[in-house]
Amino acid sequence: MTAPPASRTAPPTVSVSGLTLRYRGTVALDDVSFRLGEGVTGLLGPNGAGKTTLLRILATATPPDRGALTVLGNDPSTVAGRQAVRRTLGYLPQSPGFHPGFTAFEFVDYVAILKELTDRRQRHQEVRRRLDDVGLADARGKRIKALSGGMRQRVALAAALVGDPSFVVLDEPTVGLDPEQRMRFRELIAEAGQGRTVLLSTHQTEDVAMLCHRVVVLDRGRIRFDGTPAELTAAAEGRVWSSDAKAQGALAGWRTGTGEFRNLGDPPGGAAILEPTLEDGYLMAIDGAAEGAMA
Amino acid sequence: MESWHVPEDDLTGYAEGSLAAPRLWSTETHLAGCAHCRERLNTAVGTAAVDAGWARLDAELDAPRPGPVESLLVRLGVADHTARLLAATPVLRRAWLGAVVLTLLVAVAAGHAMRGGSALMMLLATAPLLPLAGVAVSFGPGLDPTYEMAVVAPMHTFRLLMLRTVAVLTTTTTLSALASLALPSFGLAALGWLLPALALTALGLALMPRLGPVVAPSVVAVAWLTAVSLGGLWTGPTAAPFTTAGQCALAAIAVAATAAVLIARDRFDSSRHMNARVRISAGRL
């Protein structure tokens, strides 16, 4: 886990308040408010929680029905404000698409042109630097269709970082990567978080544990937790216990490799309390929300 | 061995690239013939300058090679970055061009198989739909693989859309004109598709901020086919849209729709319909 940067006390670079969006009759986001500062913040939530919708609003791809959003002092609901936000933005969509037949260099160069880097020589140097940064120095001239999934994802990250944006939105970038690729990608995201505000959406608690100084849990369109990963872990303190048989009344319980059950919820008296993990805290945050919803 | 050598200041200036003519020329000429001064030049060039030079060269080695279309555009005076965007328009792909050529061939062949005025109608009814379909293909979510990135880029969505529309109109107009040559007996009437093509494209663009990049061209296409059918599709070039009055009306529609597009240009960036949520499968290339 990275230490919280000193800038946590600095003014937020991104501020979101009361964001609400309905999508085909259902509420995709319900009164979402939070602030982001420098460093990597994790946005954790199950599939369908509204993570992508929230990121698309932050990336100015779609406007919210209600609510206010400010990125580095700019309001994307105005024409000039939206342009200003887009000039400071790096966006890696959930499933980045590529033009067929483009090489890695050509693709990042194309995105650099869309980002208004018009001076050919400077643009080419910037593209080269970004591809080198993500470890693709030897694959710059290779066609994207010949690259592995992990390498393609790195090309997309290079495209997101081209032009040195100060606010970077990454939508589930570690999905579909094998453990080694995922580890390498986490290193790149940690590097990208130096001096930038990075919002990383994921449904993997390890991503958050290893990368983020802060975590926001989103479930069914609402914020369920906002704090440090240590605080999220602590939320399950005293609520994880082991037993020989599956405990009645536990929110979740499963047999571990040792043959004992690991239970999550309100422990019975005298239960053997276990040290919680970040995953326990996350499950408590979303299951607690489910309980609340049922009540 | 020569008795005169390049003064230190000139050599440093040459190494830094700051030496001006005519001293630059004399230094360059001397360096070509004097191994001693070339040796001194090696030490005069700082490592930072060498690194920067190498970085520039290295970047250019992998830089995109302009294709024939892009080279032609640059030669015609189009800025290199604009040429790149034009050349990367999805409709310039072989699959799209193949589909356009095939459609025109079928239209002309079907025309030849028919008799009288209806021979031309297949082409006149079909050709205006091609640029409309091209605009939908080149900007539709799920059709342009980089749509999601393009939409949030600081470059105005409107500018990108216009660039792509120009690419679409140029290719389809050229190909349709070639197809018209296959029907020489009709003379100028064989070019009756041109004004409808412009009108439909402009109308499709004008409706886009309201209806989205796929629905808007589709609605216009259906309206066109209805108008052509009701206007006497099988009566030949005398069908309503291809009479002088019809062509004048279409020209007026083209001008009005173009004006509407220009007035509403900011809405292309802000409209939710332009940015409808899309999902593009990860492996799609």
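As annotated in an unreviewed UniProt entry, chain B is Zf-HC2 domain-containing protein from Wenjunlia tyrosinilytica.

Per an unreviewed UniProt entry, the recorded name for chain A is ABC transporter ATP-binding protein, and the organism is Wenjunlia tyrosinilytica. UniProt's Sequence similarities (unreviewed entry) comment on chain A is quoted here verbatim: "Belongs to the ABC transporter superfamily."

Participant: How should the overall build of chain B be read in this particular structure?
Facilitator: When you go through chain B residue by residue, the secondary structure sums to 15 helices and 0 strands. Relative to its full complement of 285 residues, chain B shows a buried share of 44%. Counting only contacts in chain B whose residues sit at least 6 apart along the sequence, the fraction spanning at least 24 positions is 71%. Carbon together with sulfur atoms contributes 68% to the accessible area of chain B, which is approximately 13900 Å² in total.

Participant: Where do I start with the overall build of chain A in this structure?
Facilitator: Scanning chain A from terminus to terminus reveals 9 helices and 13 strands. The burial tally for chain A puts 54% of its 295 residues in the buried class. Partitioning the intrachain contacts of chain A with sequence separation of at least 6 by distance along the chain shows that 66% fall at a separation of at least 24. Carbon and sulfur atoms form 49% of the exposed surface of chain A, whose accessible area is close to 12100 Å².

Participant: Could you clarify how one ought to interpret the nonpolar core in this entry?
Facilitator: It is characteristic of soluble globular proteins that their nonpolar side chains tend to be buried jointly. In terms of nonpolar packing, the biggest core is built from 101 residues, with Leu54(A), Leu58(A), Phe107(A), Val108(A), Val155(A), Val217(A) and Leu232(A) touching the most fellow members. When residues in this core are grouped by element, the largest group, 9 residues, is from helix α3 (residues 104–114) of chain A. Among all residues touching Phe107(A), those that are not within four sequence positions of it are Gly97(A), Phe98(A), His99(A), Phe102(A), Ile144(A), Val155(A), Ala159(A), Thr146(B) and Met149(B). In terms of nonpolar packing, the next biggest core, distinct from the first, is built from 28 residues, Val100(B), Leu120(B), Met121(B) and Leu123(B) among them.

Participant: For this particular structure, what's the right way to read the sheet that holds strand β3 (residues 39–44) of chain A?
Facilitator: Remark on secondary structure: sheet strands pair via backbone hydrogen bonds, oriented parallel or antiparallel. Residue and element names in this part refer to chain A. Taken in spatial order, the 6 strands line up as β5-β6-β7-β3-β8-β9 in an open sheet, and their pairing is mixed. Where the open sheet ends on each side, the last strands, each with one partner, are β5 (89–92) and β9 (222–227). Sheet twist, expressed as the average angle between the axes of neighbouring strands with direction ignored, equals 15°. Where β3 and strand β8 (residues 214–219) come together, 4 bridges link them in parallel fashion. Looking at the pairing, Leu 44 lines up with Val 217 of β8.

Participant: When you look at the pairing of strand β7 (residues 197–202) of chain A in this model, what are you seeing that I'm missing?
Facilitator: Successive residues of a regular strand alternate their side chains across the two faces of the sheet. Residues and elements named next belong to chain A. Among the 6 residues in β7, 6 count as buried, and that is most of the element. Of the two faces of β7, the one carrying Thr 197, Leu 199 and Ser 201 and the one carrying Val 198, Leu 200 and Thr 202 are both buried. Here β3 runs beside β7; their pairing, made up of 6 bridges, is parallel. Note on β7: the bridge partner recorded for Leu 44 is Thr 202. For strand β6 (residues 167–171) and β7, the ladder comprises 5 bridges, and the chain directions are parallel. Paired with Leu 170 across the two strands is Leu 200, which belongs to β7. The β-α-β motif built from β6, the intervening helix α6 (residues 179–192) and the parallel element β7 has right-handed crossover chirality.

Participant: Quick question: what am I supposed to make of the interface of chain A and chain B here?
Facilitator: One frequent convention defines the size of an interface as the accessible area lost when the parts assemble. Opposite the 51 residues of chain A that make contact, chain B presents 45 residues. Buried area between chain A and chain B, summed over both chains or domains, comes out near 4400 Å², and the portion from carbon and sulfur atoms is 57%. Seen at the junction of chain A and chain B, the total is 4 salt bridges. Among the ionic pairs, Arg84(B) bridges to Glu106(A), the shortest N-O distance being 3.9 Å. At the junction of chain A and chain B, the tally comes to 7 residue pairs in polar contact (both at pLDDT 80 or more).

Participant: Whenever I open this one, the packing of aromatic side chains confuses me. Can you help?
Facilitator: The description of an aromatic ring pair uses the distance of the two centres, along with the angle that the planes make with each other. Enumeration over the complete set of coordinates arrives at 2 aromatic pairs over all chains. Between Phe98(A) and Phe107(A), the ring centres sit 4.7 Å apart and the planes meet at 65°, which makes this aromatic pair edge-to-face. Since its relative accessible area comes to 2%, Phe98(A) is described here as buried. Plain terms: the ring middles of Phe102(A) and Tyr110(A) are 5.8 Å apart, the flat faces sit at 70° to each other, and that makes the pair edge-to-face. The aromatic ring of Phe102(A) is capped on one face by Arg84(B), whose charged end is 5.8 Å from the ring centroid.

Participant: What am I meant to see in a nonpolar patch on the surface here?
Facilitator: A cluster of nonpolar residues, Trp54(B), Leu57(B) and Leu61(B), forms a patch on the protein surface that exposes about 330 Å² of accessible area. With respect to the helices and strands, Trp54(B) occurs in helix α4 (residues 47–62).

Participant: Please clarify how empty space enclosed by the protein should be interpreted in this entry.
Facilitator: Counted according to the given criterion, the structure contains 3 cavities of 30 Å³ or more. Reported here for the second largest cavity is a volume of approximately 100 Å³. Taken together, 13 residues line the second largest cavity, and the ones lying closest to its centre are Val111(A), Lys115(A), Met149(B), Val152(B) and Ala153(B). Listing elements by their share of the lining of the second largest cavity, those giving two or more residues are β5, α3 and α5 (149–161) of chain A. Tallying contributions element by element places β5(A) first for the lining of the second largest cavity, with 3 residues. When the residues that make up the lining of the second largest cavity are grouped by side-chain class, the tally is 10 nonpolar, 1 polar and 2 charged.

Participant: How should I be thinking about helix α12 (residues 194–211) of chain B in this particular structure?
Facilitator: Structural remark: α-helix, 3.6 residues per turn; residues separated by three or four positions point the same way. For α12(B), spanning 18 residues, the distance from its first C-alpha to its last is 25 Å, which sits close to the expected 26 Å at 1.5 Å a residue. The positive-phi residue at the C-terminal boundary of α12(B) is Gly212(B), with phi of around 100°.

Participant: Would you take a moment to explain the sheet that holds strand β1 (residues 14–23) of chain A for this structure?
Facilitator: All names here are of chain A. Spatially, the 3 strands line up as an open sheet ordered β2-β1-β4, and their pairing is antiparallel. Of all strands in the sheet, those bounded by a partner on one side alone are β2 (26–36) and β4 (66–71). The average undirected angle you get between the axes of adjacent strands in this sheet is 20°. Two elements, β1 and β4, share 5 bridges in a ladder whose sense is antiparallel. Bridged to Ser 15 within β4 is Thr 70. Packing of helix α1 (residues 51–58) onto the sheet brings it into contact with β1, β2 and β4, and relative to β2 it is tilted by some 55°.

Thresholds applied
- Numbering of residues begins from 1 in every chain and follows the order in which that chain's sequence is written.
- Chains and ligands are labelled by the order in which they are written, letters from A for the one and numbers from 1 for the other.
- pLDDT decides what is reported in this predicted model: residues at 70 or higher carry local features, side-chain atom pairs at 80 or more are listed and counted, and totals for whole chains, interfaces and linings draw on all residues regardless.
- As a convention, hydrogens and water are excluded, and side-chain values are obtained from all of the structure's heavy atoms.
- UniProt positions are given in the numbering used here, feature names are shortened, and annotations may be inferred rather than shown by experiment.
- Strands here mean DSSP runs of E at least two residues long; helices mean DSSP runs of H or I at least four residues long; both are numbered from the N terminus.
- Each residue gets one of three labels from its accessible area relative to the maximum for its type: buried under 20%, exposed over 50%, partly exposed in between, using a 1.4 Å probe on protein chains only.
- Contacts between residues were defined by any pair of non-hydrogen atoms, one from each residue, lying within 4.5 Å.
- Calculation of accessible area relied on Shrake-Rupley with a 1.4 Å probe; when residues are assessed, cover is drawn exclusively from the protein chains displayed.
- Here, nonpolar core refers to any group of buried Ala, Val, Leu, Ile, Met, Phe, Trp, Tyr and Cys residues whose side-chain atoms link them within 4.5 Å.
- In short, DSSP must find at least two bridges between two strands for them to pair.
- Every axis in this analysis is a line fitted to C-alpha atoms, fitted for helices over the stretch in contact. Angles between the N-to-C directions lie between 0 and 180 degrees.
- Handedness of a crossover is defined as follows: with both strands directed away from the viewer, a clockwise route from the first strand across the helix to the second makes it right-handed.
- Buried area adds together the accessible area that both of two parts lose upon being put together, with accessible area traced by a 1.4 Å probe.
- Every case where a carboxyl oxygen of Asp or Glu lies within 4 Å of a side-chain nitrogen of Lys or Arg is listed as a salt bridge.
- In protein, a polar contact means a hydrogen-donor-capable atom and an acceptor-capable atom, both N or O and within 3.5 Å, with residues adjacent in sequence counting only if both atoms are side-chain atoms; elsewhere, any N or O pair within 3.5 Å suffices.
- Any pair of Phe, Tyr and Trp rings, taking the six-membered ring for Trp, is counted once the centres come within 6.5 Å. Such a pair is stacked with planes under 30 degrees apart, edge-to-face with planes over 60 apart, and tilted for the rest.
- The rule for a charge over a ring is simple: NZ of Lys or CZ of Arg within 6 Å of the ring centre, and within 35 degrees of the ring normal.
- Like charges within 9 Å and nonpolar side chains (Val, Leu, Ile, Met, Phe, Trp, Tyr) within 5 Å are joined into patches, using only residues over 30% in relative accessible area that form no salt bridge.
- Cavity means a closed set of points on a 1 Å grid over the protein atoms alone, one where a 1.4 Å probe fits but cannot get out, pocket means an open set with protein on both sides within 12 Å along at least 5 of 7 lines, and lining means a residue has an atom within 4 Å of a point.
- Grid points are joined across faces, edges and corners, and a volume is the space filled by probe spheres set on the points.
- When residues are grouped by polarity, Ala, Val, Leu, Ile, Met, Phe, Trp, Tyr, Cys and Pro land in nonpolar, Asp, Glu, Lys and Arg in charged, and all others, Gly among them, in polar.
- Any helix carries an expected span of 1.5 Å times its number of residues minus one.

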